[in-house]
Amino acid sequence: MDILKELDVIEKDGLAALAAAEDEDALAAWRTAHLGRKSGLMAAFDGMKDLSKEERPQVGRRANEVKQALEGALEKKLVAVRQATLEASLAGEHLDVSLPGRALPLGRLHPVNQTLRRIYAIFAEMGFQVYRSREVESDDYNFTFLNIPAHHPARDMWDTFHTDREGVILRTHTSPGQIHAMREYCPENIRVILPGMVYRYEQVTTRSEMQFNQVEGLAVGPNITFGDLKGTLTDFARRLFNPDVRTRFRASHFPFTEPSAEMDVECFVCMGDGCSVCKGTGWLEILGSGMVHPTVLRYGGYDPEKVSGFAFGMGPERITMLLHRITDIRHFWRNDVRFLEQF
Amino acid sequence: MKVPVSWLKDYVDLDGISIEELAHRLTMAGLESEEITFVGLPLPPGDKHDFKVNGIAWDREKIVVAEVLEVNPHPNADRLTLCRLNDGEREHTVLTGAPNLFPYKGQGPLDPPLKVAYAKEGTTLYDGHAEGWQLMTLKKAVIRGVESYSMVCSEKELGISEEHEGIMLLPEDAPTGMPLADYMGDAVLDIAITPNIARNANILGVAREIAALFGRELQQPSYDFTAEGAPVAGQFGIKIENPELNPRFVGGLIRDIEIRPSPDWVQRRLRLAGQRPINNIVDVTNYVMLDIGQPLHAFDYDELVRRAGGKTPTLITRMAKKGEKLTTLDGETHALEDFTVLVADTKGSHSIAGIMGGADTEVTDKTTNVLLEGANWNFINIRKTLGYLKMNSEASYRFSRGVHPAMASRGVGRGLELMRQWAGGTICKGLVDEYPLPYEDPTTELTPEDVRRWLGIDLKPKDIAAILARLDFKTSIKGKVISATAPDHRVDISDDPVIGKADLLEEIARIYGYDNIPETRLADVLPPQRNNAALEFEERVRDLLARQGLQEIVTYRLTSPEREAKRLPPGVAPDPKPYITLKNPITPDRFAMRKSMLASMLEILERNARLRERLAFFEIGFVYHDSEAGPLPDEKPRLVIAITGRRDLPAWQGGAEENLDYYDLKGIVEGLLGGLHLNAVRYEPSQHPSFHPGKQARLLAGERQIGTIGELHPAVHGQHDLGPAPVLAATFALDALMEAAPPRHEVQEVPAFPPVLEDLAFILDETIPAGQVQALIEQTGGATLAGVRLFDVYRGEQLGAGKKSLAYALTYQAEDRTLTDDEVAKLRKKIVGRLERELGATLRA
């Protein structure tokens, strides 16, 4: 039958023409020419109505075969052409990956507040909560209630800013907060840390400031020992510096504690070998501490025959300086962006 | 305090203890050895020490004891001599200019020979002629035609003292040929004495600590004196007017002494301890003070007699009259307060008790009879006196920290005996001892349970007693109770039984060793747990602002009114409420507690103005306001935010070069408030003087003002060294913000049905604030209008003058169904109608 031969030709021509089509436009044109309304194939379908009843299924089957063959070939070709196009375009696209990125402004906390947060977090897990109290203080709270009566030699240990108001000073340490906390919570057990700004009548130099933060700690209860002080502060040092850090406790003197101790930690820069950071001693002085003096417990409302306590105090600026090898304390309140942006 | 190790050996055997170990143990026990100066003894090896290291070691081979056999003139120089010297091995000729050898020049062979410190070629010593402490190495040289390769040393060259007038002469019995380091090598510990261990501000005290720490015997000094003169009674009197302030006054008398320099070893000891030798009598007073801690004063007895008109003199201690004038040894004249105690006689006052003597009665070169005073003074009163006199002396240092009255007679006894030894003379029998207010040494009881409760260690009663006995406490044990009486050289143990107990526990812990106390974890019940709401809120605010790209700053809270006035335009008077000001500022520009955070912020913006093209800062801190409730100020928490410069960070591509403006800061503030879920805040035009009058708003939560936001007033901007870009700033009362913020918030259900989105633009009069339009749309839209967002503001000719177009993107949303077009159309019509009616708006086609 002629029509079957005709379909063979349609298939053969169609596939040959498809092979020649190289891009998506050519494929679209090919589809119109070989599978569109006016294509030979469609004409063949149209012509089937003139065929005899016997011929019709045979031609129909064959026409469908040709259609599927052409459509299948088109689909394959289309995928191949698209793949080739993509590859061609990828081959032409290169970034200089070394060019800098577009920065978004990055916000940061002040370095000292970052250190304070670390300190809060460590103590929070040991059950110490934050308690804050005023900076402009009465000298009773700053001295007298802390076992530093007027004219006591220990008052010389602090260079105090006095205000124009009688008996009003800028607190020289966060220790007045011990009395505030005890008076508020007595007779409960106490575990607090007392952070905040303190003031000293001191020339501002690379090593000393007239304003700086302290974090005081206070634990009061019926069973608190010097051993607990050592354990708690050593745990703290291990968390802040490194899990293996060694600590040592030296006898010292603070009027509001007895016995008193300075805690040194092994220098984390030289691991105790001695370096410029630890001034060759292998140890860094980190905090002062001691068992709360009976007089202080009494002023706080507690009976030193029934409860005991320990207290400690540290300087977050000093700790920040040690951790980041900062050599000038004045950077902190100068707030030069070239300093702040490094944290 | 400077503590020569050789001096310690008078009282405690240090055999087998290295200097390093000594310093370490003392430091751990609270006598911090900050610095050690080696004077001949070998320096500890390595670079790692608990203390600063100074000084030099004397080479044992090259520096030895030698004997000068003969001093001969130098052939070519009058001021030099040539010594014939034996170093134990052979003879040398040594060239020296030491003036203390001149008397021996040309005297022929010396018998006995002079013992000296001899340094051989190649030795490292201090340069005696250089300023300060310069090391030099001894080399061969020819001086005025005579070869020199070694030398006899001065104290300075050996690092003993600054003495370089002559060479150091050693006692006759110094063994020739012995390495000098073995003979007299020393080290000086510089120990920080804290107020609680003031009793240790002397050699004996430090030795006692060492004996206790190392479990060695303390050799007690002798306070006896050989008295061969007439009884002292009747030769002078003592009268104490105020025993509270002068509990004891002891006097002794030595006659026929000869004023001369102290023995060389005494002078060297004093110099090592930092004290300048004067003469044998004055040196005794200083020596005894350094030795056992009792300051002494030597009077010229004959002068006292003269002042008494030839009669028996009486020393009187009395209160000064207010305003009374007195000239002290240093030539200063002081106006005195009425609580100050003076030492006087019948003729008048001559010294400020416990602090400084007077010139009239002091020992001179002509003195032959000495009245030696050892007194005791109330330390608080001494401190009060020092406080206004602004004076300091070694004696007042000790008296102001507390000296036990028992030391007074010991000091005088020891002083008289040393005077007899160093100055000759005869001591009169006995002492005149006025002791109207005897000190009672407290007896404290404690138990092993106290030790366990306070220190966390279990000790037996006998162990506790033994530790205390090592510090000279008198102890007894009855069952479990230890009674300990404080030794009569310390006044720091309280007579309050509870405080006294703590005082003893400190001593037990120190001597037992802090190192030996085990580390334990808190076993006590946790106290009630509480939040610190204010701090937690601050921390949330910090995070919300940092998340939006702002850098936190922390500034000085001390300022000056002038500094703070710069935050206001010229002519605007600051709030008249007084500042909290300092009586003693350290710097003249920071003497007041700040009242404004904005002023602090502007200072920091100025500092960084030229460093970055974009600055965005915030600070959380306090301001200090005078309070009506009392002298203590209100400390108010505040937040200040400021941004300035380019909106986008500079980059190599893209980024508009536009400056940040009011709406950038408002966006940050909205981000903050949104993060705090504080949604109902109104922005109303305001009149804060620091801000541009047309570009500022106050923020209201309900009727309460929580903050202010605006562009810095151009006049204020002009008063600061800032870049040209406007500065946008906001200040918040943090406490008000916290109270306004809801403690918790509820979330909206995520819609299950699609929203209908629509844009509407309205033409309105320029004067109608966008906020009012927004509010009206929201109000009319009700629950179905889930979102309204302004996306365009347009002004143009086709709208006409005084008109603007505001375009809004509206989101319609129902919780339970998809909205129909009809429903949306109805709502739109309602909104448009309301805006037309109430605001005269027209819908823009």
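Basis of the calculations
- Residues numbered from 1 in each chain as written.
- Chains lettered and ligands numbered in written order.
- Predicted model: local features only at pLDDT ≥ 70, side-chain atom pairs only at ≥ 80, totals over all residues.
- Heavy atoms only, no water.
- Helix = DSSP H or I, 4+ residues; strand = E, 2+ residues; numbered from the N terminus.
- Rg over C-alpha atoms; globule rule 2.2 N^0.38 Å.
- Contact = heavy atoms within 4.5 Å.
- Areas by Shrake-Rupley, 256 points an atom, 1.4 Å probe, with all protein chains shown as cover.
- Lys, Arg positive; Asp, Glu negative; His and termini not counted.
- Charge placed at Lys NZ, Arg CZ, Asp CG, Glu CD.
- Buried area = accessible area lost by both parts, 1.4 Å probe.
- Salt bridge = Lys/Arg side-chain N within 4 Å of Asp/Glu carboxyl O.
- Polar contact = N/O pair within 3.5 Å; in protein donor to acceptor, adjacent residues only side chain to side chain.
- Pairing = 2+ DSSP bridges.
- Axes fitted to C-alpha atoms, helices over the stretch in contact; angles between N-to-C directions.
- Patch = residues over 30% accessible without salt bridge, like charges linked within 9 Å, V, L, I, M, F, W, Y side chains within 5 Å.
- Buried < 20%, exposed > 50% of the residue type's maximum accessible area, 1.4 Å probe, protein only.
- Parallel < 35°, antiparallel > 145°, perpendicular 65-115°, else oblique.
- Nonpolar A, V, L, I, M, F, W, Y, C, P; charged D, E, K, R; others polar.
- Domains from an automatic or database assignment.
- Left-handed = near helix turned anticlockwise from the far one by under 90°.

Enquirer: Even after reading the chapter, I still don't get the overall build of chain A, so can you show me in this structure?
Expert: Scanning chain A from N- to C-terminus turns up 12 helices and 9 strands. For a compact globule of 343 residues, the expected C-alpha radius of gyration is about 20 Å, and chain A comes in at 42 Å, more than 25% above that figure. Overall, chain A is about 130 × 45 × 45 Å in size when its C-alpha atoms are taken along their principal axes. Taking all contacts inside chain A whose residues are at least 6 apart in sequence as the whole, residues at least 24 apart take part in 67%. When the accessible surface of chain A is split by element, carbon and sulfur atoms take 52% of a total near 15000 Å². Computing the positive centroid from 41 side-chain charges and the negative centroid from 48, chain A places the two 1 Å apart.

Enquirer: What exactly am I supposed to notice about the interface of chain B and chain A here?
Expert: When the parts come together, some accessible area is lost, and that loss is often what is quoted as the size of the interface. Contact with chain B, which involves 102 residues of that partner, is made by 108 residues of chain A. When the area that chain B buries against chain A is broken down by residue, the three leading residues are Trp454(B), Leu522(B) and Ile586(B), summing to 9%. Where chain B touches chain A, the interface holds 14 salt bridges. Among the ionic pairs, Asp496(B) bridges to Arg298(A), the shortest N-O distance being 2.7 Å. At the boundary of chain B with chain A, the tally comes to 56 residue pairs in polar contact (both at pLDDT 80 or more). Looking at the side of chain B that touches chain A, the elements that each hand over two or more residues are helix H2 (19-28), helix H9 (379-389), helix H12 (448-455), helix H14 (497-512), helix H15 (533-547), strand E30 (551-552), helix H17 (597-608) and strand E33 (614-625) of chain B. Here the side of chain B that touches chain A takes 9 residues from H14(B), the largest share from any one element.

Enquirer: Looking at this model, I keep getting lost on the sheet that holds strand E37 (residues 704-712) of chain B. Mind explaining?
Expert: Paired through their backbone hydrogen bonds, the strands of a sheet run either parallel or antiparallel. Residue and element names in this part refer to chain B. Taking strand neighbours across the sheet as the criterion, the 7 strands line up as E30-E33-E34-E38-E37-E36-E35 in an open arrangement whose pairing is mixed. The two strands at the open ends of the sheet, each matched to only one other strand, are E30 and strand E35 (681-685). Taken together, the 7 bridges between strand E34 (residues 634-645) and strand E38 (residues 727-733) define a ladder with antiparallel strand orientation. Its bridge partner being in E38, Ile643 is matched across the sheet by Leu728. Packed on one face of the sheet, H17 meets E33, E34, E37 and E38 and runs near 150° to E33.

Enquirer: I'm lost on a positive patch on the surface in this one. Help?
Expert: On the surface, a cluster of positive charge is made up of Arg207(A), Lys279(A), Arg318(A) and Lys52(B). Inspection of the secondary structure puts Arg207(A) in the loop between strand E4 (190-199) and strand E5 (211-221). On the accessibility criterion, Arg207(A) (53% relative accessible area) is exposed.

Enquirer: So what exactly am I meant to see when it comes to the packing of helix H1 (residues 2-20) of chain A against helix H4 (residues 55-91) of chain A here?
Expert: Axes are the key here: two packed helices are described by the angle between their axes and the distance separating the axes. Residue and element names in this part refer to chain A. Two numbers describe how H1 lies on H4: the axes approach to 10 Å, and their chain directions differ by 0°. When the axes of H1 and H4 are compared, the pair comes out roughly parallel. Together, Ile3, Leu4, Leu7, Asp8, Ile10, Glu11, Gly14, Leu15, Leu18 and Ala19 of H1 and Gln58, Val59, Arg62, Ala63, Val66, Ala69, Leu70, Ala73, Leu74 and Lys77 of H4 make up the contact between the two elements. Along the lines of polarity and charge, the residues of the contact of H1 with H4 split into 14 nonpolar, 2 polar and 4 charged.

Enquirer: Can you help me understand the pattern of salt bridges in this one?
Expert: Residues and elements named next belong to chain A. By the definition in use, this model includes 87 salt bridges over all chains. Of the charged contacts, one joins Arg239 and Glu125 as a salt bridge, the two residues approaching to 2.8 Å between their closest N and O atoms. Of this pair, Arg239 sits in helix H8 (residues 226-240) while Glu125 sits in helix H5 (residues 111-125), and the two are 114 residues apart along the sequence. For Glu125, a relative accessible area of 60% gives the class exposed.

Enquirer: How should I be thinking about unusual backbone geometry in this particular structure?
Expert: Most peptide bonds take the trans form, and the phi angle of most residues other than glycine is negative. All names here are of chain A. A cis geometry characterises the amide bond from Cys186 onward to Pro187, with omega recorded as 10°. For Pro187, the location among the structural elements is in the loop between helix H7 (176-185) and E4. In this structure, the amide linkage connecting Glu258 to the following residue, Pro259, adopts the cis form with an omega of -5°. With respect to the element layout, Pro259 can be found in strand E7 (residues 257-266). Even without being a glycine, Lys279 presents a positive backbone phi close to 50°. Overall, the relative accessible area of 67% leaves Lys279 in the exposed class.

Enquirer: Help me out: how do you make sense of the side chain of Gln294(B) in this one?
Expert: All names here are of chain B. Of note, Gln294 is situated in the loop between helix H7 (280-292) and strand E18 (297-300). Looking at Gln294, its side chain comes within polar contact range of the main-chain oxygen of Ala375, at 3.0 Å. Setting aside anything within four residues of it in sequence, one finds Gln294 in contact with Val288, Met289, Gly374, Ala375, Phe399, Val403, His404, Met407, Ala408 and Gly411.

Enquirer: Please clarify how the domain arrangement of chain A should be interpreted in this entry.
Expert: Per the domain assignment, the segments of chain A are domain 1 (2-92) and domain 2 (111-340). Between the C-alpha centres of domain 1 of chain A and domain 2 of chain A there is a distance of 88 Å.

Enquirer: How should the sheet that holds strand E28 (residues 474-478) of chain B be read in this particular structure?
Expert: Residues and elements named next belong to chain B. Strand order in the open sheet made by the 3 strands is E27-E29-E28, with antiparallel pairing throughout. In this open sheet, the two strands that pair with only one neighbour each are strand E27 (443-446) and E28. Recorded for the sheet is a direction-independent mean angle of 20° between the axes of neighbouring strands. Taken together, the 4 bridges between E27 and strand E29 (residues 481-485) define a ladder with antiparallel strand orientation. Looking across to E29, one finds that Leu446 is bridged to Ile482. Each of E27 and E29 touches H14; the most contacted strand, E27, lies at about 75° to it.

Enquirer: I'm lost on the environment of Gln134(B) in this one. Help?
Expert: Residues and elements named next belong to chain B. Mapped onto the elements of the fold, Gln134 is located in the loop between strand E8 (124-126) and strand E9 (135-137). Expressed as a C-alpha distance, the spacing of Gln134 and Ile278, which sit 144 residues apart in the sequence, is 27 Å. Dropping the residues within four chain positions of it, Gln134 is found in contact with Leu125, Tyr126 and Asp127.

Enquirer: Help me understand the pairing of strand E4 (residues 63-73) of chain B in this model?
Expert: Every regular strand shows the same layout, with side chains that alternate between the two sheet faces. All names here are of chain B. Of all 11 residues making up E4, 9 are buried, and the element is well covered by its neighbours. Bridge count between E4 and strand E7 (residues 114-119): 6 bridges; the pairing is antiparallel. Note on E7: the bridge partner recorded for Val64 is Tyr118. By the bridge criterion, 6 bridges tie E4 to strand E5 (residues 81-86) in an arrangement that is antiparallel. The residue of E5 that forms the bridge with Asn72 is Leu82.

Enquirer: Sorry, what's going on with the packing of H15(B) against helix H18 (residues 662-675) of chain B here?
Expert: Residue and element names in this part refer to chain B. With their axes 9 Å apart at the nearest point, H15 and H18 run at an angle of 135° to one another. Taken together, the axes of H15 and H18 lie oblique to each other. Here H15 runs over H18; the crossing is right-handed. Of the residues in H18, those in contact with Arg540, Val541, Leu544 and Leu545 of H15 are Ile668, Leu672 and Gly675.

Enquirer: Looking at this model, I keep getting lost on the environment of Pro726(B). Mind explaining?
Expert: By the secondary structure assignment, Pro726(B) is in the loop between helix H19 (714-718) and E38. Through-space distance from the C-alpha of Pro726(B) to that of Thr818(B) is 48 Å; in sequence the pair is 92 residues apart.

Enquirer: In this structure, what is going on with helix H10 (residues 316-324) of chain A? I would like to understand it.
Expert: An α-helical segment advances 3.6 residues per turn. Residues three or four places apart therefore align on the same side. Residue and element names in this part refer to chain A. Looking at H10, one finds that the buried residues are Pro316, Glu317, Ile319, Thr320, Met321 and Leu322. The inward-facing, buried residues of H10 abut H5, E5, H8, strand E8 (283-292), strand E9 (308-314) and helix H11 (331-334). A positive phi of about 55° marks Arg325, the residue just after H10.

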